[in-house]
Amino acid sequence: MSLPSRLDALKDLPLSTFRAKLWPHNDSCFKISGPTDDESWRLQLRTSEGLSDAEFTSCFSLVRETSAADYKASPDGWHPVKKRKEMRLRDMRYILLGRASLRQPEGGPCLPVDGFLSFMLTWEDGIEVIYCYEIHLDEHVRGRGMGKRLMGCLEEVGRKAEVKKAMLTVFKKNKAAVKFYERLGYGEDEFSPRPKKLRNGVVKELDYLIMSKSLISGTKNREKERQRKRKAAG
Ligand SMILES: CC(C)(COP(=O)(O)OP(=O)(O)OC[C@H]1O[C@@H](n2cnc3c(N)ncnc32)[C@H](O)[C@@H]1OP(=O)(O)O)[C@@H](O)C(=O)NCCC(=O)NCCS
């Protein structure tokens, strides 16, 4: 029997150990304030199994409200059963956003869920990555830096896990999301599928884009590149 890989071992960690090793501690509770608003918000890390039915339903409703129309307009369509199954995948982790005042203990219920991000440590094209599966905020919390904070947590988990990049898939027509990711330093991934030229010469554009951001610092990047070249040269 082969030994689990480094990433498998991280994926299999119980949530408490996962949190201790990979979670940016300072961000488990944060406060936002503004001229007409002064609220405390909390981010909670969960496994897919650890979501209560009500929390899961709240997350699923956010996906349906913000993205079902884009799925329906795509060739693959909107399949709620398939989406629910994906959202319950064993290795999926969730970052839930909710008002701190309405819930107290870490791990206590987070209802309603005002926004969430789901992610998985995984491999893409043989590369260790952290994949952002979903990020959805309720309308009333958009445009206040929450999305950036959630993505910051994802990237921090990825850096601590020492994966190479953060990745995600976005519908091209969701221009607001594309701009948001670009603002955070994401660009089209090298493996994002290119438009296909059909036999009749027609170019078939895909309706989605795979975007990514390197999580390796400049020095580490150069060192990894040197190692790769040494390996390739034998
Ligand atoms: C996309 C989404 C997650 C962004 O979260 P958000 O909290 O609204 O974004 P933030 O306030 O954190 O913005 C972060 C940065 O992106 C910029 N940004 C956000 N939306 C933007 C837009 N539509 N155009 C240009 N820049 C944008 C902000 O100006 C900000 O820049 P700054 O750091 O220089 O101030 C959120 O709007 C959302 O949930 N949308 C609906 C669901 C969705 O489309 N999810 C993506 C599925 S792939």
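The structure this text deals with has already been given above.
Below is a short write-up of the structure. Quantities reported herein were computed from a predicted structural model and do not represent experimental measurements.

What counts and how
Residues numbered from 1 in each chain as written. Predicted model: local features only at pLDDT ≥ 70, side-chain atom pairs only at ≥ 80, totals over all residues. Heavy atoms only, no water. Near = heavy atom within 4 Å. Polar contact = N/O pair within 3.5 Å; in protein donor to acceptor, adjacent residues only side chain to side chain. 1 Å grid on protein atoms, 1.4 Å probe; cavity = no way out; pocket = protein on both sides within 12 Å on 5 of 7 lines; lining within 4 Å. Sits in = over half its atoms within 2 Å of the grid points. Helix = DSSP H or I, 4+ residues; strand = E, 2+ residues; numbered from the N terminus. Nonpolar A, V, L, I, M, F, W, Y, C, P; charged D, E, K, R; others polar. Buried < 20%, exposed > 50% of the residue type's maximum accessible area, 1.4 Å probe, protein only. Pairing = 2+ DSSP bridges. Right-handed = clockwise from strand over helix to strand, strands pointing away.

1. Brief notes about the site of the ligand
Right, on to step 1. Neighbouring the ligand are 20 residues, the closest being L137, G143, G145, K148 and R183.
Right, on to step 2. The separation between an oxygen atom of the ligand and a polar main-chain atom of L137 is 2.8 Å.
Right, on to step 3. A distance of 2.8 Å separates an oxygen atom of the ligand from a polar atom in the backbone of G147.
Right, on to step 4. With respect to the pocket detection grid, the ligand is positioned in the largest pocket.
Right, on to step 5. Elements supplying a minimum of two residues to the shell around the ligand: β5 (127-137), α5 (146-160), β6 (165-171) and α6 (175-183).
Right, on to step 6. Residue contributions to the shell around the ligand peak at six residues, all from α6.
Right, on to step 7. Residues of the shell around the ligand, tallied by class, amount to eight nonpolar, seven polar and five charged.

2. Digging into the pairing of β6
Right, on to step 1. Most of β6 is tucked away: six of the seven residues are buried.
Right, on to step 2. With four bridges connecting them, β5 and β6 associate as parallel partners. Residue pairing in the sheet places C132 in a bridge with L168 of β6.
Right, on to step 3. Handedness of the β-α-β unit built from β5, α5 and β6 comes out right-handed.
Right, on to step 4. Sheet topology places β6 next to strand β10 (residues 208-214); seven bridges connect them, and they run antiparallel. Looking across to β10, one finds that K165 is bridged to S214.

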